[in-house]
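Okay, here's what each chain looks like letter by letter:
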Amino acid sequence: MAMVGHNTKRIGAEVLADMLAGYGVTHVFMVPAVLRRTFAEMERRTKIARVHCHGEKSAAYMADGYARASGKPGVCMAQVIGALNLAAGLRDAYLAHSPIIAMTGGRDPKTKFRKVYQEIDDVPAFEPVTKMNVTVDDVSRIPDLLRQAFRTATTGAPGPVHLQFRGNEGQVDLEEAEMDALVEAQFARVPPFRPEPEAAHVKVALELLQKAERPIIVAGGGARTSGAGRELVALAEALQIPVATSLNGKDVIPGTHALCVGVVGSYSRECANLAVNRADLVFFIGTETGGMTTHFWAAPKIGTPAIQVDIEPESLGRNYPLQASVLGDAKSVLIRMLGQIDKASAVKRAAWIKEIAALRGDWYDKYKSALESDAVPIHPARICSELTRHMPDDAIVVVDTGHAGMWMGGMYDLRAATQSYMRSAGHLGWAFPAGLGAKAACPDRPVVVFTGDAGFWYHIGEVETAVRWNLASVTVVNNNGGGNQSKRGFDRAYGGEQTAQARELWTYNKINFAKLAEDMGATGIRVEKPGDIAPALASALAAKRPAVIDVATDIEVLAPTALV
Ligand SMILES: Cc1ncc(C[n+]2csc(CCOP(=O)(O)OP(=O)(O)O)c2C)c(N)n1
Ligand SMILES: [Mg+2]
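Thresholds, definitions, all that
- Along each chain, the written sequence defines residue order, and numbers are assigned to residues from 1.
- Chains carry letters from A onward and ligands carry numbers from 1 onward, assigned in written order.
- Totals for whole chains, interfaces and linings use every residue, but because this is a predicted model, local features are given only for residues with pLDDT of at least 70 and side-chain atom pairs only at 80 or more, for both listing and counting.
- Side-chain metrics rest on all non-hydrogen atoms present in the structure, leaving aside hydrogens and water.
- The criterion for a residue being near a molecule or strand is simple. One of its heavy atoms has to lie within 4 Å of it.
- Between N or O atoms, a polar contact is any pair within 3.5 Å; within protein, one atom must be a potential hydrogen donor and the other a potential acceptor, and residues adjacent in sequence are included only when both atoms are from side chains.
- Residues were grouped as follows: Ala, Val, Leu, Ile, Met, Phe, Trp, Tyr, Cys and Pro as nonpolar; Asp, Glu, Lys and Arg as charged; and all remaining residues, including Gly, as polar.
- A fitted line through C-alpha atoms represents every axis, and for helices the fit uses only the stretch in contact; the resulting angles, taken between N-to-C directions, go from 0 to 180 degrees.
- The numbering of helices and of strands both runs from the N terminus, where a helix is a DSSP run of H or I of at least 4 residues and a strand a run of E of at least 2.
- Any angle between 65 and 115 degrees counts as roughly perpendicular, while under 35 counts as roughly parallel, over 145 as roughly antiparallel, and the rest as oblique.
- In a left-handed crossing the near helix is turned counterclockwise from the far helix by less than a right angle, and in a right-handed crossing that turn is clockwise.
- We call two residues contacting when some pair of their heavy atoms lies within 4.5 Å.
- Definitions used throughout: a 1 Å grid over protein atoms alone; a cavity as a set of points that fits a 1.4 Å probe which cannot get out; a pocket as an open set with protein on both sides within 12 Å along at least five of seven lines; a lining residue as one with an atom within 4 Å of a point.
- Grid points are joined across faces, edges and corners, and a volume is the space filled by probe spheres set on the points.
- Any N, O or S atom lying within 2.8 Å of the metal counts as a donor, with the limit raised to 3.2 Å for Na, K and Ca; because water is left out of the atom set, some sites can appear incomplete.
- Only protein chains enter the accessibility calculation, which uses a 1.4 Å probe; a residue is then buried when its area is under 20% of its type maximum, exposed when over 50%, and partly exposed in between.
- How far a helix is expected to stretch is found by multiplying one less than its residue total by 1.5 Å.

Engineer: Kindly report on the site of ligand 1, identifying the contributing residues and their values.
Structural biologist: Taken together, 18 residues lie around ligand 1, and Asp453, Ala454, Gly482, Asn484 and Gln485 are the ones closest in. Within the side chain of tyrosine 458, an N or O atom sits 3.4 Å from a nitrogen atom of ligand 1. Each residue belonging to the shell around ligand 1 can be placed in one class, and the counts come to three nonpolar, 14 polar and one charged.

Put into structure tokens, the structure is as follows:
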């Protein structure tokens, strides 16, 4: 295809390396061997770190963590045999709307269907986990398809894209064509656009909000991507509206803010579910209103009066019939609203705010003994409260799923708007490699991962990668010697009784992860008493090396399930 400015013949590898650098990519994550010449050109022409990992899935998770921490698309790669391992790693990013550019080697028309070693048709497997899934068949298409990849990954609700390069290792990068390494800097991070809402729609939504006596905001990952936290808190304060968040949107408001009721839904804080279910109007901002955020549409119940803001028109009203919908960027919409609010309307919500304060207090009273527990082995809620108190003000907190998501979603509080929070959208094992990617993207910020032992086992080999690239995250392992979240289900399957045979299905051998980490060259700290959590965190952060804090916790303690 004809593009303007083509006048110099260059090889694909040079153009690809220059363009990635031009988009501000600082790290790529991969298992070799793919785009070998591109990697050589990256080394010669750019400062891009080529992080060579122990598995394609963890490479994708690192790219995901990089993207969610920085807002810049994460780049990950695999040769043809590793392509589906990489695709598996895009699943969480797809669910979480994280911008990732995945590159793989793939089939050559000259040899396909001849039973080429290691080769299958991988492209269809990328369909369910990408927004764009294309093949780079001719070297001259590298520039326009890479631009389209950045454009697609970052616009609207962001997400992963896949480029399959011709050749099992993407050898198309060795060929020559007239190409320009043109980059569009706008698409180097999210959000590239802030679509303005229609004034009339803003007016209707704001009138409903101001009329309501018991409104509540439910803010999600879209508000996070938009960077709308400050405006959201300003609106909540001005109109005296409490705020709940999805797990993905947890860091749009500090948990310590008087108007914050916490995370609503399944991995949640009870007072958030109770508050949302007492509201007379729910204002959804940048949330898909999915099963996890609404506890399968029980909080709020379908039929609760609702208004919604989203950047994707198809999200508006998907699960809750709306009294008003506003299409646009969350921050832009909130700025518009702030420009025309009637602060006097806040007075009528005094009783509601008092009720919210009581719900917050009730929650704390109920869990105080767990949060402050001196028990040995340690109660996981105590880890959360120690992290709340001692997390640095500029920390990025990265949390796995299962009980890790439940403990931290419900019991941990961000104290400052400058702290970030990212969580697995459901895949066990995501957090540790995602934390390494976050640290690569934001080397000056402390990165603290919280994971269970089952979650940590998945990608434990990447401790060696962390040491090799000095990706100095701190990983706190809630080590109870099993996958506790599975316990309730297996007890049920065995007739309500905990049998030795049922335990075979969710318990592991007892391992000291601090020792393993030390053997791989990282800092390892074993914690067996609650009072040692804070000093361990302080010394792990001070070490400026990859660190694993192995916390011995009680295998009998289960996270509280959602209440509605
Ligand atoms: C890829 C994947 N496989 C399986 C699960 C199901 N699952 C959720 S939590 C869990 C066990 C978690 O154990 P651990 O990380 O040790 O945390 P704990 O519950 O013990 O605190 C499992 C198997 C999942 N979420 N993701
Ligand atoms: Mg466990």
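Engineer: Hey, could you go over the packing of helix α3 (residues 56-70) against helix α4 (residues 83-96) for me, with residue numbers and the actual values?
Structural biologist: At their nearest, the axes of α3 and α4 sit 6 Å apart, and the two run at 30° to each other. When the interaxial angle is binned, α3 and α4 end up roughly parallel. Two packed elements cross with a definite hand, and for α3 against α4 that hand is right-handed. Between α3 and α4, the residues in contact are Glu56, Lys57, Ala60, Tyr61, Asp64 and Arg68 and Asn85, Leu86, Ala88, Gly89, Leu90, Asp92, Ala93 and Ala96, respectively.

Engineer: Please give an account of empty space enclosed by the protein that cites residues and values.
Structural biologist: Within this structure, the stated rule accounts for three cavities of 30 Å³ or more. Volume-wise, the largest cavity comes out at about 130 Å³. Around the largest cavity, the lining is made up of 16 residues, and of these Ser268, Arg269, Gly410, Met411 and Pro560 lie nearest the centre. Counting residues per element, the lining of the largest cavity draws most heavily on helix α15 (residues 403-411), at four residues. Size it by volume and the second largest cavity reaches roughly 50 Å³. Lining the second largest cavity, in full, are Thr245, Lys250, Ile253, Gly255, Cys260, Gly262, Val263, Asp413 and Leu414. Here the residues of the lining of the second largest cavity are counted per class, giving four nonpolar, three polar and two charged.

Engineer: Lay out the coordination of the magnesium ion (ligand 2) in plain terms, naming residues and giving numbers.
Structural biologist: For the magnesium ion (ligand 2), the full set of protein donor atoms is Asp453 (OD), Asn480 (OD1) and Gly482 (O), and the range of their distances to it is 1.9 to 2.1 Å. Ordering the donors of the magnesium ion (ligand 2) by residue number gives the pattern D-x26-N-x1-G. Taken together, the positions of aspartate 453 in helix α17 (residues 453-458) and glycine 482 in the loop between β18 (474-479) and α19 (487-493) put the pair 29 residues apart, joining distant regions of the chain. Assigned by exposure class, aspartate 453 and glycine 482 land together as buried.

Engineer: Just give me the short version of α3, but keep the residues and values in it.
Structural biologist: Turn by turn, an α-helix covers 3.6 residues, leaving residues three or four places apart pointing in a common direction. Its 15 residues place the ends of α3 21 Å apart at the C-alpha level, agreeing with the 21 Å of an ideal helix rising 1.5 Å per residue. In terms of burial, α3 is a largely internal element, 14 of the 15 residues being buried. Residue glycine 71 follows α3 closely and has a positive phi angle near 80°.

Engineer: Tell me what's going on with the pairing of strand β12 (residues 281-285), and back it up with residues and numbers.
Structural biologist: Counting buried positions along β12 gives five out of five residues, so the element sits mostly inside the fold. Of the two faces of β12, the one lined by Leu281, Phe283 and Ile285 and the one lined by Val282 and Phe284 are each fully buried.

All we've got here are geometric facts, nothing functional implied.
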